[in-house]
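# Structural description and commentary
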Amino acid sequence: MPAPAAAVPLNQDFAQWVERFRAEARAGGITEATLHAAFDGVRHLDQVVTLDRSQPEFTRAVWDYLDTAVSPTRVARGQDKLLDVRAYADAAAARYGVPAEIVVAIWGMESNYGSNYGDTPTIDALATLGFEGRRAAWARGQLMAALRILQNGDIPRERMLGSWAGAMGQTQFLPSNFLAYAVDADGDGRRDIWGSMADVTASTAHFLAREGWQRGQPWGLEVQLPPGFDLGRADDALRQPGAQWAEEGVRTMDGTALPDLPDASLLLPAGARGPVFLVGPNFRAILRYNNATSYALGVGLLAQRIAGGPAIQAAWPRDLKPLSRNALQTLQQALQSKGFNPGSIDGVLGPATRGAIRRWQRSVGLAADGFPTHELLDRLQQP
């Protein structure tokens with residue numbers, strides 16, 4: 001009777017996966033030379049799997065995030081860096097309509113102005129994620145895009161470095177975004193978002209321009225609301241011209257006229273007790289770079305400060321403690337049990353959950369700011 005087959009070691013499984021992917025890539029037009037360069041020394045990175053599977057239980061309050069994102073040190077360094085790259089950033093601004101300070105702010109947010117864009121080999125990271133399987137289809141698509149970048153000659157494998165999740169270069173492009181938006185601005189025949197500041201600035205501006213940036217419009221601004229304003233109107237789904245918001249009593253912090261923003265919406269990132277922002281299409285373009293409100297606010301406010309503009313004037317409700325993922329799931333379950341659909345019960349505060357909170361707040365006579373607090377959760381759990 002033959003002995004039972006031994007378990008296949010993980011590295012052998014990974015090697016077999018790579019061979020199957022090689023065959024698919026070859027059929028998709030990737031050359032043998034590119035496949036050898038990419039995969040002959042490919043490694044399975046255990047740390048990438050660990051990071052991909054970890055989901056932080058505790059979330060940062062938006063004010064804590066912005067304290068770091070728009071710190072005095074980062075603002076001052078951004079002003080210095082803008083001077084260093086002014087010619088490149090101004091050329092990108094003229095070509096794509098995205099202000100130089102916005103591009104520099106993204107550079108600062110993504111890699112601390114190029115000082116830390118990651119040292120993980122992109123091919124290894126994406127091959128690991130494709131093999132590991134949680135986001136296999138996404139990772140395989142990004143890996144194929146990375147192979148096309150190598151084949152195009154934009155960057156050699158050893159310099160294709162970035163984050164553990166596959167984002168690359170000084171402003172952290174995923175490979176698919178690189179193929180779509182990266183620009184050879186210095187004319188050397190390569191799109192180098194690792195070492196060429198002409199390419200870094202132009203590529204970042206091109207991304208935003210293609211994703212809806214409107215030339216000549218601000219990203220948004222801090223505003224003040226009139227007494228008795230219905231906070232439920234602070235909803236991204238409710239968009240109208242700045243002039244219409246002005247008719248409702250929305251004012252700038254210094255009393256000047258609101259900018260001529262089309263499709264503008266009000267944003268209450270910390271609920272009724274925090275600052276209020278009027279944001280337009282350019283804020284939403286930044287969200288397409290990174291779909292987190294705190295990130296887009298960080299970019300806009302950092303750019304504003306780099307350009308010599310004001311800091312946030314209203315106070316944050318720093319006494320409030322943000323809900324953990326588990327607490328947000330409990331809140332979502334409580335909303336659902338009371339007939340207010342929050343969408344997925346996933347511990348993530350998305351538009352559906354904010355909408356459900358607003359509807360419940362209205363039903364019990366509270367200001368409908370859509371912001372979850374521990375006090376709100378306690379009240380929701382009452383019979």
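Figured I'd write up the structure that's included with this text. Here the structure is a predicted model, which means the values were calculated and not measured.

### Details of the overall build of the chain
For the chain, the helix and strand inventory stands at 17 helices and six strands. Split into buried and exposed, the 383 residues of the chain put 49% on the buried side. A separation of at least 24 residues holds for 65% of the contacts in the chain among residues at least 6 apart in sequence. Entry remark: accessible area of the chain is about 17,500 Å², with carbon and sulfur atoms responsible for 51%.

### Some thoughts on the nonpolar core
Among the nonpolar cores identified, the biggest contains 83 residues, and Phe-39, Ile-123, Leu-147, Met-160, Leu-208, Trp-219 and Leu-297 are the most heavily contacted of them. Setting aside anything within four residues of it in sequence, one finds Ile-123 in contact with Ala-38, Phe-39, Val-42, Leu-143, Ala-146, Leu-147, Leu-150, Arg-157 and Met-160. In terms of nonpolar packing, the next biggest core, distinct from the first, is built from 14 residues, Phe-229, Leu-258, Ala-264 and Val-276 among them.

### Structural notes on the sheet that holds strand 5 (residues 265-267)
Strands sit in the order 4-3-6-5 across an open sheet of four strands; the sheet is antiparallel. With partners counted over all chains shown, the strands left at the sheet margins are strand 4 (251-252) and strand 5, one partner each. Of the strand pairs in this sheet, strand 3 (residues 220-224) and strand 4 are connected by two bridges, and their pairing is antiparallel. Counted as the bridge partner of Val-223 is Thr-252 from strand 4.

Rules used in this analysis
Residues numbered from 1 in each chain as written. Predicted model: local features only at pLDDT ≥ 70, side-chain atom pairs only at ≥ 80, totals over all residues. Heavy atoms only, no water. Helix = DSSP H or I, 4+ residues; strand = E, 2+ residues; numbered from the N terminus. Buried < 20%, exposed > 50% of the residue type's maximum accessible area, 1.4 Å probe, protein only. Contact = heavy atoms within 4.5 Å. Areas by Shrake-Rupley, 256 points an atom, 1.4 Å probe, with all protein chains shown as cover. Core = buried A, V, L, I, M, F, W, Y, C linked by side-chain atoms within 4.5 Å. Pairing = 2+ DSSP bridges.

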